[in-house]
Amino acid sequence: SWKYVTKEKSDDMIHVLQFPYNGEPPRDRLVQTEFTPNEDHFVRNHGGIPEIEPEKYFVEVDGLVKEPQSLSFADIQDETKFPHKSLVVTLQCSGTRRIEQIHEYPGDGDELINAPWGEGAIGNARYTGVSLKKIIKHCGGLVDGADNIEFYGCDTYFKKGQVYNYVVSVPWRKVKANEVLLAWDMNGKPLPKIHGYPLRVVVCGYIGARSCKWLYRIKGIRGPSMAPVQMKEYLYYTPQVGKQNAMYSNGFSIQDMPVSSAIMSPIDKKVIVHSGSISLRGWAYSGGGHWPIRVEVSGDGGSIWYEVPPANLSTKYYHGWRLWSIDLPVDAEGWLELCVRCWDNALNTQPTFVRSAWNWDLHVTSSCHRIKVYSVN
Ligand code: MTE
Ligand code: MO
């Protein structure tokens, strides 16, 4: 079997697809650090990894902007024009934990798109760059009637015999709120090639799909992008949609990520020898500008819940995850179902079972995360 080799990623990444490179880190390691090391951050690619020389690199800002411009990498980094800005942002693929939906009931058979992600298609980093709002203002602002911004990535991918660039959009109000960053730095290091070098979009609180890598064009448009990634992928279908009646028009375009959480340690199906408590660790995250405020775990499938002590939640950021840990009291011996659920600051919480929110394209598995372990007390 052929394997894409890159020094930018840890050797033990779990490849959910071999080509293009799509991988997530080992589960227990992901929650060891609040900021995910760049080499452990999950990677989601639709196509190849472009090689871009920053000296020859330009970003076109055009479409429905008043003064279209072509900006070099040096222009974009020019602090006299655009103040530098750092933001802590969790990027989450809407396919995170898809494997649970696949086990519940298989969905869209297009495996190239529907990679069987586990709980690791999420990562947290401090990104530095400029707010896209400043760039658009620099280009005279939007023409009347324009209300979305379209991004073009210079990678290409194939689907159903056609070649596409990666193209997506976000509404202007998101940009106006300074929640869209053009970033060249990830955790104090130059953006790795595999994460979009030299410049990528980072959209706070939205599904990872809108954070376009290898950005080469920014276009003012009216209404969302008509490109296939925007119109045909990342749709959330009602439960009645399946193989016989799937139609893109029945899908709801996913933007904000809902509240979710996962147990990353211990690992599913393990035997745990303990003396009265099992220590659990994991992540909790909510998109759309919300953040986790309460995490609870259960050792009996969800009858009795224990609150994770607030002191065991990592620092609160507006757009970042919170790691958590707890020693869960356990008397029972034998197979136990451990589960976690989270509340965000808008008091949203998670669906109880995977089947509560199963959808044909298998996106946004945000149900209460459950694993089984064998307890020896
Ligand atoms: N941008 C381009 N140009 N091409 C892509 O395939 N994948 C998107 C997004 N941006 C993608 C892209 C998806 S679906 C996700 S989840 C995030 O990038 C993943 O970002 P990462 O690989 O840096 O973790
Ligand atoms: Mo994604």
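Residues numbered from 1 in each chain as written. Chains lettered and ligands numbered in written order. Predicted model: local features only at pLDDT ≥ 70, side-chain atom pairs only at ≥ 80, totals over all residues.

An unreviewed UniProt entry lists the protein chain under the name Molybdopterin binding oxidoreductase, with Pseudovirgaria hyperparasitica as the source organism. For the record of the protein chain, the UniProt heading Cofactor (unreviewed entry) holds the text "Mo-molybdopterin". (UniProt positions renumbered as here; feature names shortened; annotations may be inferred.)

Turning our eyes to something else, we now look at the nonpolar core. Residues Tyr127, Leu132, Leu181, Leu182, Ala183, Val201 and Leu215 are the most contacted members of the largest nonpolar core, which totals 52 residues. Per element, the largest residue contribution to this core is six residues, and it comes from strand E9 (residues 180-186). (Core = buried A, V, L, I, M, F, W, Y, C linked by C-beta atoms within 7 Å. Buried ≥ 20, exposed ≤ 12 C-beta atoms within 10 Å, placed from the backbone. Helix = DSSP H or I, 4+ residues; strand = E, 2+ residues; numbered from the N terminus.)

This part is about the UniProt feature "domain: Moybdenum cofactor oxidoreductase dimerisation" (unreviewed entry) in the protein chain. Mapped onto the present numbering, the UniProt feature "domain: Moybdenum cofactor oxidoreductase dimerisation" (unreviewed entry) falls on residues 253-374. A helix fraction of 0% and a strand fraction of 43% characterise residues 253-374, whose end C-alpha atoms lie 40 Å from each other.

With that out of the way, let us pick up the domain arrangement of the protein chain. Segmenting the protein chain into domains produces domain 1 (14-253) and domain 2 (260-376). Computed from C-alpha coordinates alone, the two centres of domain 1 and domain 2 are separated by 27 Å. Taken together, the contacts link 37 residues of domain 1 with 29 residues of domain 2. Those elements that place two or more of their residues in the side of domain 1 that touches domain 2 are helix H1 (27-30), strand E5 (85-92), helix H3 (98-104), strand E6 (122-131) and strand E13 (235-237). Here the side of domain 1 that touches domain 2 is composed, by residue class, of 17 nonpolar, eleven polar and nine charged. (Domains from an automatic or database assignment. Contact = placed C-beta atoms within 7 Å. Nonpolar A, V, L, I, M, F, W, Y, C, P; charged D, E, K, R; others polar.)

Another aspect to go through is the sheet that holds strand E16 (residues 271-273). With respect to topology, five strands assemble into an open sheet ordered E16-E22-E21-E18-E19, the strand pairing being mixed. Only two strands of the sheet have a single partner each, and these edge strands are E16 and strand E19 (306-307). One ladder, built from seven bridges, connects strand E21 (residues 334-344) with strand E22 (residues 369-376); its direction is antiparallel. Opposite Leu338, over in E22, you have Ile371 as the bridge partner. (Pairing = 2+ DSSP bridges.)

This paragraph deals with the site of ligand 1. Taken together, 18 residues sit near ligand 1, with His46, Cys93, Gly153, Tyr166 and Gly208 positioned nearest. When its residues are assigned to classes, the shell around ligand 1 shows eight nonpolar, seven polar and three charged. (Near = placed C-beta within 6 Å.)

Turning our eyes to something else, we now look at the confidence of the model for the protein chain. In the predicted model, the protein chain carries a mean pLDDT of 95, and the fraction of residues at 70 or more is 97%. This complex was scored by the predictor with a pTM of 0.96 and an ipTM of 1.00. (pLDDT = per-residue confidence, 0-100.)

Turning next to the environment of Asn187. With respect to the helices and strands, the residue Asn187 is situated in the loop between E9 and strand E10 (189-190). Under the C-beta neighbour-count criterion, Asn187 is labelled partly exposed, with 16 such atoms within 10 Å. For the pair formed by Asn187 and Asp12, sequence separation is 175 residues and the distance between their alpha carbons is 21 Å.

Each regular strand carries side chains that alternate between the two faces of the sheet. Sheet analysis places strand E3 (residues 58-63) next to strand E12 (residues 215-221), joined by four bridges and oriented parallel. Pairing of Glu60 across the sheet is with Arg217, part of E12. Bridging between strand E7 (residues 148-159) and E12 involves six bridges; their strand directions are antiparallel. Across the sheet, Asn148 pairs through a bridge with Ile221, a residue of E12.

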